[in-house]
Amino acid sequence: MRFDVVVLGGGAAGLMCAIEAAKRGRRVAVLEYADRIGKKILISGGGRCNFTNLHCRPENFISANPHFCKSALARYTPANFIALVEKHRIPYHEKTLGQLFCDRSARDITGMLEMECRSTGVTIFLKTRPREVRRTTGYVVSCEGIDFHTPVVVVATGGLSIPKIGATGFGYDVARRFGLIIRECRPALAPLTLTPDDRARYCDLAGVSTEVAASRGNHHFRGNMLFTHRGMSGPSILQISSYWKSPEPIAIDLAPGQDVTEAIRKTNSSRNLAAARAAFRAVLPVRLADRWLELHTPTDWTNRALADLERQTHNWQIVPDGTEGYEKAEVTAGGVDTDELSAKTMESHKARRLFFIGEVVDVTGQLGGFNFQWAWASGFAAGTSL
């Protein structure tokens, strides 16, 4: 079968690219291995799809080249995607920190994209898994039982995260076949696991959550932390996981903006464990407060000892054992080296008319709708150049 453009992957980036290319009169095929498009869209945001973030900036992304994403993000902004959502009369709301969610369901977003594909004439092939991409006068994409011939291939196959919905490394294989460099891939926005010793200390607190500030280097994230049976999760931990590398420690402030022991330090009476327990229970969940004091009981109750306890509470240095891996990571960090691609069009410098967009590229967003905005923006950049 012959098409002007063949897009590998029916996720957010691939569909946006296909729609924009079809608007410009191109005959476009989208090859999707699953039985429906947008599986990752459907499970995102607790099923309501955090489809963008109002405060999207290049600083919200991780890449070996932090400047690469600027062009695409500037040319397709959150306002552009919001206009598309409003055109389809999809109700949405801002949750916190600029995060936009569907009021009803993520199916509204996949339905919108399907409608745009139909109206522009995009042909979607479901249950169609590419096996190989090879170069002839153009490109041949070989699938089981069928070959697609095209002058343009767009790789939008995503990363390695969430293999249960079909994630594979096929996009990286295509890049390597054509000589492109791959930046080391790793799980990002992933729960952290603890060492056996720390697991013994804290993991019976599984289910306990509290607001913390998690830090690594110059990166700081405030939000909930949740103890799990193997370690820690929650928004603040997922965020910091993208910046963590073994065997570095992370710092956790268990009581951001609060002076837990202030009242005890200002009195000469009631300087004891009972007073400390009352003070910590006032700002932390009871089980965590008690465990923290059990593991960090001062040797005495002088102001110096109380100040040390306060410092430990705001600067808990802990060395994770690892992450929960791609099974629970929301995205993949690393990918196709941005030095191999045009920042304006996402086209490969080494193989003409071969494009890479979305998560397969070494651009990784923070938690909160940024990865979807990169998908829309990079898909738009490629689609409008075809």
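As the structure is a computational prediction, the values presented were derived from the model and not from experiment. (Residues numbered from 1 in each chain as written. Predicted model: local features only at pLDDT ≥ 70, side-chain atom pairs only at ≥ 80, totals over all residues. Heavy atoms only, no water.)

Here we come to the overall build of the chain. A tally of regular secondary structure across the chain gives 13 helices and 22 strands. For the chain, the spread of C-alpha atoms along the three principal axes comes to 85 × 45 × 35 Å. Scored against the burial criterion, the 386 residues of the chain give a buried share of 55%. For the chain, contacts bridging at least 24 residues in sequence account for 72% of all contacts bridging at least 6. Here the chain has roughly 16700 Å² of accessible surface; of this, 49% comes from carbon and sulfur atoms. Here the chain contributes 48 positively and 39 negatively charged side chains, and the mean placements of these two sets differ by 5 Å. (Helix = DSSP H or I, 4+ residues; strand = E, 2+ residues; numbered from the N terminus. Buried < 20%, exposed > 50% of the residue type's maximum accessible area, 1.4 Å probe, protein only. Contact = heavy atoms within 4.5 Å. Areas by Shrake-Rupley, 256 points an atom, 1.4 Å probe, with all protein chains shown as cover. Lys, Arg positive; Asp, Glu negative; His and termini not counted. Charge placed at Lys NZ, Arg CZ, Asp CG, Glu CD.)

Applying the stated criterion across every chain yields a total of 28 salt bridges. Among the ionic pairs, arginine 281 bridges to aspartate 290, the shortest N-O distance being 2.7 Å. Of the residues examined, arginine 281 reaches a relative accessible area of 39% and is grouped as partly exposed. The structure contains a network of salt bridges with shared partners spanning Glu132, Arg134, Asp147 and Arg177. (Salt bridge = Lys/Arg side-chain N within 4 Å of Asp/Glu carboxyl O.)

Right, let's talk about helix H5 (residues 107–120) for a bit. Between its first and last C-alpha atoms H5 spans 20 Å; for 14 residues at 1.5 Å apiece the expected length is 20 Å, and the two agree. All buried positions along H5 are accounted for by Asp108, Ile109, Thr110, Met112, Leu113, Glu116, Cys117 and Thr120. Remark: glycine 121 follows H5 within two positions and exhibits a positive phi of approximately 90°. (Expected span 1.5 Å × (residues − 1).)

Turning our eyes to something else, we now look at helix H12 (residues 303–314). In this model H12 runs 16 Å from its N-terminal to its C-terminal C-alpha over 12 residues, within 8% of the 16 Å that 1.5 Å per residue would give. All of the buried residues in H12 are Ala305, Leu306, Leu309, Glu310 and Thr313. The buried residues of H12 all sit within an arc of 145° when viewed along its axis, so they share a single face. In H12, those exposed residues whose orientation departs by more than 90 degrees from the buried face are Arg304 and Arg311. As for H12, its buried residues are in contact with strand E17 (250–253), helix H9 (262–265), helix H10 (273–281) and helix H11 (286–295). (Arc of directions from axis to C-beta.)

Inspection of the entire model under this criterion finds 15 aromatic pairs. Judged by centre distance (5.0 Å) and plane angle (75°), the rings of phenylalanine 125 and phenylalanine 148 are edge-to-face. Note that phenylalanine 125 is positioned in strand E7 (residues 123–125) and phenylalanine 148 in strand E10 (residues 146–150), a separation of 23 residues in sequence. Here the aromatic cluster, defined as three or more aromatic residues joined through ring pairs, consists of Phe51, Phe81, Tyr92, Phe372 and Trp376. In this structure, arginine 27 packs its charged tip against the face of phenylalanine 3, placed 4.7 Å from the ring centre. The lysine or arginine in question, lysine 95, covers the ring of phenylalanine 101, its NZ or CZ lying 5.1 Å from the ring centre. (Phe/Tyr/Trp six-rings, centres within 6.5 Å; stacked < 30°, edge-to-face > 60°. Lys NZ or Arg CZ within 6 Å of the ring centre and 35° of its normal.)

This paragraph deals with the sheet that holds strand E19 (residues 322–323). In spatial order, the strands read E18-E17-E14-E15-E16-E13-E19; together these seven strands make up an open sheet with antiparallel pairing. Unpaired on one side and paired on the other, strand E18 (316–318) and E19 mark the two borders of the sheet. When strand E13 (residues 192–193) meets strand E16 (residues 231–233), the two strands line up antiparallel, connected through two bridges. Bridged to leucine 192 within E16 is methionine 232. (Pairing = 2+ DSSP bridges.)

Confidence in the prediction for the chain averages 97 pLDDT; 100% of positions are at 70 or higher. Of all secondary-structure elements in the chain, the lowest mean pLDDT belongs to H9, at 92, while strand E21 (residues 354–356) reaches the highest, 99. (pLDDT = per-residue confidence, 0-100.)

A cis amide bond links serine 246 to the next residue, proline 247, at an omega of 5°. Secondary-structure assignment places proline 247 in the loop between helix H8 (235–241) and E17. A positive phi angle, near 65°, is found at arginine 353, a position not held by glycine.

Its location among the elements puts threonine 193 in strand E13. Of the residues examined, threonine 193 reaches a relative accessible area of 4% and is grouped as buried. Beyond its immediate chain neighbours, meaning those up to four positions away, threonine 193 contacts Arg230, Gly231, Pro320, Asp321, Gly322, Thr323 and Glu324.

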